[in-house]
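# Examining the three-dimensional arrangement
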Amino acid sequence: MKVLINNELQDRQEVKVDIEDRGYQFGDGVYEVIRVYEGVPYTLDEHLARFYRSSKEIGITPHLSLEELKQKLILLIKENGLNDGGIYVQMSRGVAPRKHQYEVNLTPELVAYPVPSKRPDKEQKEGVAAITAEDLRWLRCDIKSLNLLYNIMIKQKAHESGAFEGILVRDGNITEGTSSNIFIIKDRTIYTHPAGNLILNGITRTKLLELFKSKGWAYKEQAFSKETLLQADEVFMSSTTAEVVPITSIDGKPVGNGSAGSFTVEIREAFQELIK
Ligand code: PDD
């Protein structure tokens, strides 16, 4: 496997990561996961714009321009012969002796490589179970930071209870999933939490909102409560890797009639038309 390390492509075996990389010690950095369909990265510009925004928000100045990084990632996909899969990109603040504060002129460390990612066909067709959990993350969930400790704790809890996703609840309202955005449908209107500091504004979420608009489907970017979630006609999650996955049970109780909702199926199919 070829890995992009800063400006250079290297073999996986040759890559060395410094033990004093701040990403490794503090989770001091940002990341993106990009989906590749038939050798072409989907919404690459949108992912890179969010990557540069996240890094700016935490004061990391990339050593590559967005356009340079874009070309390197396209080369990485080509050199790995990646047809159907994902690309993981992360940038840490850099390498320095371990202390919390940092010198502002550190050189960031960039790493990008292919990660396995296949469309979760079964989950998309049959739907998945989810659990709810209190959203105890920090208040800058708009930054795609390497710090995913609470997300992974709840994802693991979901996994161990046989569920696919953990849905987070802050002050009684649904924010998002541990690695996805959450939508509900009630009386043919689609609801999702507004963008802002309480959620990561998913690229899939943005594409779906554009799709709803173009189809003339009623939608509202409006917070909704856990009670409303549990009484929804249909619930689904969206992310780069999951695309659109119906949620058919929450905390052990069925959503609607307990099978993938017909509107969700229509939305998933329309989304798949977009990525063709
Ligand atoms: N996760 N919310 C959170 C907290 C996420 O981690 C993700 C993505 C999303 C959906 O964003 P997008 O549609 O841009 O993928 C929402 C990625 C896939 C991950 O961490 O693996």
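Residues numbered from 1 in each chain as written. Predicted model: local features only at pLDDT ≥ 70, side-chain atom pairs only at ≥ 80, totals over all residues.

## Topic: the sheet that holds strand E2 (residues 8-11)
Just so we agree on the cut-off: Here, any two strands with at least 2 DSSP bridges between them count as paired. Comment: elements are numbered from the N terminus, with helices defined as DSSP H or I runs of at least four residues and strands as E runs of at least two. Residue pairs are scored as contacts if the distance between their C-beta atoms, which are placed from the backbone, is within 7 Å. Here, axes are lines fitted to C-alpha atoms. For helices the fit covers the stretch in contact, and angles between N-to-C directions go from 0 to 180 degrees.
With respect to topology, six strands assemble into an open sheet ordered E2-E1-E6-E5-E3-E4, the strand pairing being antiparallel. Both edges of this open sheet fall to E2 and strand E4 (40-41), since each of them pairs with a single strand only. In this structure, strand E3 (residues 29-37) lies alongside strand E5 (residues 85-92), joined through eight bridges in antiparallel fashion. Bridge assignment links Val-36 to a residue of E5, and that residue is Gly-85. Where helix H2 (residues 44-57) meets the sheet, it contacts E3, E4 and E5, and its direction lies at approximately 175° from that of E3.

## Remarks on the domain arrangement of the chain
As a reminder of what qualifies: Domain delimitation in this document rests on an assignment produced automatically or drawn from a domain database. Under the scheme applied here, ten amino acids are nonpolar (Ala, Val, Leu, Ile, Met, Phe, Trp, Tyr, Cys and Pro), four are charged (Asp, Glu, Lys and Arg), and all others, including Gly, are polar.
Considered domain by domain, the chain is made up of domain 1 (2-115) and domain 2 (121-274). Distance between the C-alpha centres of domain 1 and domain 2: 27 Å. Counting residues at the interface gives 18 residues for domain 1, matched by nine residues for domain 2. Where the side of domain 1 that touches domain 2 is concerned, the elements lending two or more residues are E3, H2 and E5. The element that contributes the greatest number of residues to the side of domain 1 that touches domain 2 is E3, accounting for seven residues. Class assignment of the residues belonging to the side of domain 1 that touches domain 2 gives a composition of five nonpolar, eight polar and five charged.

## Quick look at the site of the ligand
Where we set the bar: In this entry, near means the residue's backbone-placed C-beta atom lies within 6 Å of the molecule or strand.
In the vicinity of the ligand there are 15 residues, among which Leu-200, Gly-202, Ile-203, Thr-204 and Thr-240 approach most closely. For the shell around the ligand, the secondary structure elements donating two or more residues are helix H6 (203-215) and strand E13 (234-239). Its residues placed into classes, the shell around the ligand shows three nonpolar, ten polar and two charged.

## Side note on the environment of Ile-143
Put simply, the test is: Whether a residue is buried, exposed or partly exposed follows from its count of other C-beta atoms within 10 Å of its own C-beta, namely 20 or more, 12 or fewer, or something in between, respectively; the C-beta atoms are built from the backbone.
Turning to its location among the elements, Ile-143 is positioned in the loop between strand E7 (128-134) and helix H5 (149-160). A count of 18 C-beta atoms within 10 Å places Ile-143 in the partly exposed class. Separated by 18 residues in sequence, Ile-143 and Lys-125 place their C-alpha atoms 31 Å apart. Apart from residues no more than four positions distant in its own chain, Ile-143 is found in contact with Val-30, Ser-54, Glu-57 and Ile-58.

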